[in-house]
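Descriptive structure summary
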Amino acid sequence: MHNPELMAAKISSHPRAACGFSDAAAQVRAYHQRTKHMPGHYAPGPGYMDWANQPDPFRRFSGAPTVVLPLVRDDGTPPYDALFQTKGTPPRPLTAESLGIFLELSLGLTAWKEFQGTRWSLRSNPSSGNLHPTEGYVVLPALAVVSDRPGVYHYAPYEHTLAQRCVLGEAAWGAFAAGLPAGTFLVGLTSVHWREAWKYGERAYRYCQHDMGHALGAMCFAGAALGWRMALLSALSDAEVAALLGVDRATDFTGVEAEHPGLIAAVVTDPAAAAPRALAEGAIAAVRAGHWTGSANRLSPERIDWTAISAVEDATVKPSTALLPLRGLATSGVPSPRPTRDVSRAAEIIRQRRSAVDMDGRTGLSLDSFFGMLARTLPDRPHSPWTAIDFPARILLSLFVHRIDGLSPGLYVLMRDESRLDAFRAACHDGFAWKRVEASAMPLYALALGDCRQAAAHASCFQAIAGDGAFSLGMVADFMRTLEEDGAWAYRRLFWETGLIGQVLYLEAEAAGVRSTGMGCYFDDFLHQLLDINLAEDAWQSLYHFTVGGAVEDKRLTTLPAYGHLSRAKLAV
Ligand SMILES: Cc1cc2nc3c(=O)[nH]c(=O)nc-3n(C[C@H](O)[C@H](O)[C@H](O)COP(=O)(O)O)c2cc1C
């Protein structure tokens, strides 16, 4: 019987570690191995729900001045399909109002659910277990209503407010803004790993990274709805990200749960300006020397330190890295937008996004819808979120097709990086057909036809939604190559990429009148065995599962408005 912990121990002392394959990459591989779910053997976790220590999903900074953001219900965002057009959405100027829309549509609340006296909120960004480890920050110039001084702010989704963590003087801002086009601001994301670890134990670190990818995707789409572009500042080290967002300020986090640095991206509001790729020399030092206020709240009375998580955190610390070549974006072969497909406003689709908890096992999708959704996950498409990132595509989709009109059910693969076709094909079962689905005009291949509803559910920890949707999928990473070529920290980036793909599928499903669900619970090696991938090599690893189909609503739940708890929400039109 395969024993993941034994395997993990073997990997961390693998001879490769002694011949150039870094210790950090070996640690990552070992973590990945020991956090695999297997039937009857789940990754180590607490084994029960410790309700007394349930983490507060809302971080606050006491002592930091609060800025109230407007809540605007009728926000005039363009039709949903405009999110996928390069040009056309008139850019909104950066104001407190547009910033409020941006944050609401990316990290804000979208609804409250209630069942038998218990209430919980949902947000624009999805999150494993609805635990929301991701915290959002903005670095702003002086902005009317917000402040007459530039600064660093933490976003509080419950109140829809900003906590002013740092105020910058004019000279400091001058140093900071030197490399940024006018009207540009920065967003930052961090992660409180404990929020996920509370429920999921060792595997939680993976979910935090998925969630960060989703949050980045949500920001890209919220920006696109306002005519803004995002650009990930991918060269920054974790130390620089932490310094810029103030999460390395030990005195502000004394005795409370740490926030781990995630990423920084520039949001460019002027369509004529080139997206920056780095910060000016001295920018971080200028912010570090700013005037900081506020202390982070404690989220749980007590917490467990999961040593496997601490080890993988250490192994995946990002150093500063060289600028990556800009992505090649498709200039032809991009299907023209399907204008009449959905006329809902972008904001409506974003606000109505939900995870399906049950699928009807009946609803299918047209071939056009299916191909359209997949096309928008391709990394060379000149639209959000792919224009925001510069890192190479390392995730392919292994699809279980159940009910797509005009496409035989079976196992398919979408090679998001077609140059890896031969390598992946060589790694898989040699009896697969690899018949290109020409009608899709994409690198989509049929491997084996047949009813794979049971296999899909089995692969996703026996979750019925994976078999009862129109299709489901496993996102398979070019795993060892990424660790070897890009370093151990790129483990995180692989999950971010899966989150970006997931965010596209979440919105696409809503726009197509169906629903979807990200599935972090899956049996890792089940999919590998199905594809007949060598289990000992870890060359290709499944990192995230997803299902799309006709959702069945849980009628027992009551839905309440997102910001009904705020008196100013009643004033919003
Ligand atoms: C990384 C990730 C993993 C998830 N895993 C599962 C899963 O295995 N099964 C499931 O039913 N839902 C899963 N979900 C859906 C979450 O439960 C859902 O996002 C959360 O409850 C918030 O609800 P919402 O998406 O409707 O806003 C996952 C979501 C994310 C982002």
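So, about the nonpolar core. Counting 117 residues, the largest nonpolar core has Leu99, Phe102, Leu162, Phe185, Met230 and Phe471 as the members making the most contacts within it. Tallying contributions element by element places helix 17 (residues 490–511) first for this core, with 12 residues. Excluding anything up to four places from it in sequence, Phe471 contacts Leu365, Phe370, Met373, Leu399, Phe400, Val401, His402, Ile404, Thr547 and Val548. By size, the runner-up hydrophobic cluster in this structure holds 32 residues, among which are Tyr137, Leu186, Ala283 and Trp292.

The subject of this paragraph is the side chain of Thr482. Structurally, Thr482 is set in helix 16 (residues 479–486). A distance of 2.5 Å separates a polar atom in the side chain of Thr482 from the backbone oxygen of Asp478. The contact partners of Thr482, leaving out residues within four places of it in the chain, are Arg394, Gly487, Ala490, Arg493 and Leu494.

Inspection of every chain in the model, using the stated rule, returns one disulfide. Two residues, Cys461 and Cys521, share a disulfide whose sulfurs are 2.4 Å apart. Between Cys461 and Cys521, the S-S dihedral sits near -95°, and the bridge is therefore left-handed. Of this pair, Cys461 sits in the loop between helix 14 (453–459) and helix 15 (464–468) while Cys521 is found in the loop between strand 18 (515–519) and helix 18 (524–531), placing the two residues 60 residues apart along the sequence. Look at Cys521 and you get partly exposed, because its relative accessible area is 23%. Of the cysteine sulfurs around Cys428, a residue in no disulfide, the closest is that of Cys452, at 15 Å.

Moving on to the side chain of Gln503. Structurally, Gln503 can be placed in helix 17. Gln503 sits in the buried class, given a relative accessible area of 2%.

Bringing the packing of helix 6 (residues 193–200) against helix 7 (residues 204–225) into the picture now. Between helix 6 and helix 7, the least distance of the axes is 8 Å, while the angle of their chain directions is 135°. Here helix 6 lies oblique to helix 7, going by the angle between them. The two elements helix 6 and helix 7 cross, and the hand of that crossing is right-handed. Residue-level contacts link His193, Glu196, Ala197 and Tyr200 of helix 6 to Ala204, Tyr205, Tyr207, Cys208, Gln209 and Asp211 of helix 7. Looking at the contact of helix 6 with helix 7 residue by residue, the classes come out as six nonpolar, two polar and two charged.

Our next topic: the pattern of salt bridges. Any two side chains of opposite charge can pair if their charged atoms end up close together. Summed over the entire model, instances satisfying the criterion amount to 34 salt bridges. The partner of Asp56 in a salt bridge is Arg60, with the nearest N and O atoms 3.9 Å apart. We classify Arg60 as partly exposed; its relative accessible area is 29%. Each of the salt bridges in this network shares a partner with another, and the network as a whole consists of Arg394, Arg420, Asp478, Arg481, Glu485, Asp486 and Arg493.

Right, let's get into the site of the ligand. The immediate surroundings of the ligand are formed by 22 residues, with Arg353, Ser355, Gln463, Gly518 and Gly520 found nearest. For the ligand, an oxygen atom lies 3.3 Å from a polar atom in the backbone of Ser127. Cys521 places a polar main-chain atom, nitrogen or oxygen, 3.2 Å from an oxygen atom of the ligand. When the ligand is considered free in solution it has 610 Å² of accessible area, and contact with the protein chains removes 85% of it. Sorting the residues of the shell around the ligand by element identifies strand 4 (118–123), helix 7 and strand 18 as the ones contributing at least two each. Here the shell around the ligand is built from residues that sort into seven nonpolar, 11 polar and four charged.

Attention now moves to the confidence of the model for the protein chain. Averaged over all residues, the pLDDT of the protein chain is 93; the fraction at 70 or higher stands at 93%. Per-residue pLDDT stays below 50 along residues 14–20; that stretch engages in six contacts with residues further than four places along the chain or on separate chains.

Following Ser384, the chain continues into Pro385 via a peptide bond in cis, with omega recorded as -5°. Positive phi values are uncommon outside glycine, yet Asn130 reaches one of about 55°. The topology assignment puts Asn130 in the loop between strand 4 and strand 5 (134–140). Residue class for Asn130 comes out partly exposed when judged on its relative accessible area of 26%. With phi around 50°, Trp434 is a residue other than glycine that occupies positive phi space. Summarising the element assignment, Trp434 is placed in the loop between helix 13 (421–427) and strand 15 (435–436).

With that out of the way, let us pick up the sheet that holds strand 4. One open sheet holds the three strands; their spatial order is 4-3-20, and the pairing between them is antiparallel. At either margin of the open sheet sits one strand with a lone partner, and together these are strand 4 and strand 20 (558–561). Averaged over all adjacent pairs, the angle separating strand axes in this sheet is 30°, with direction ignored. Pairing of strand 3 (residues 109–115) with strand 4, which is carried by six bridges, proceeds in the antiparallel orientation. What sits directly across from Lys113, in strand 4, is Trp120.

Overall, antiparallel pairing links the seven strands, which are arranged 15-16-14-13-17-19-18 in an open sheet. With one partner strand each, in any of the chains shown, strand 15 and strand 18 form the two edges of the open sheet. Where strand 13 (residues 395–401) meets strand 17 (residues 471–478), seven bridges bridge the pair, whose relative direction is antiparallel. Residue pairing across strands places Leu399 opposite Leu473, the latter belonging to strand 17. Strands in contact with helix 18 are strand 13, strand 14 (410–414), strand 16 (444–449), strand 17 and strand 19 (540–549); relative to strand 19, the strand with the most contacts, it is inclined by about 95°.

Analysis parameters
Residues numbered from 1 in each chain as written. Predicted model: local features only at pLDDT ≥ 70, side-chain atom pairs only at ≥ 80, totals over all residues. Heavy atoms only, no water. Core = buried A, V, L, I, M, F, W, Y, C linked by side-chain atoms within 4.5 Å. Buried < 20%, exposed > 50% of the residue type's maximum accessible area, 1.4 Å probe, protein only. Helix = DSSP H or I, 4+ residues; strand = E, 2+ residues; numbered from the N terminus. Contact = heavy atoms within 4.5 Å. Polar contact = N/O pair within 3.5 Å; in protein donor to acceptor, adjacent residues only side chain to side chain. Disulfide = S-S within 2.5 Å. Axes fitted to C-alpha atoms, helices over the stretch in contact; angles between N-to-C directions. Parallel < 35°, antiparallel > 145°, perpendicular 65-115°, else oblique. Left-handed = near helix turned anticlockwise from the far one by under 90°. Nonpolar A, V, L, I, M, F, W, Y, C, P; charged D, E, K, R; others polar. Salt bridge = Lys/Arg side-chain N within 4 Å of Asp/Glu carboxyl O. Near = heavy atom within 4 Å. Areas by Shrake-Rupley, 256 points an atom, 1.4 Å probe, with all protein chains shown as cover. pLDDT = per-residue confidence, 0-100. Pairing = 2+ DSSP bridges.

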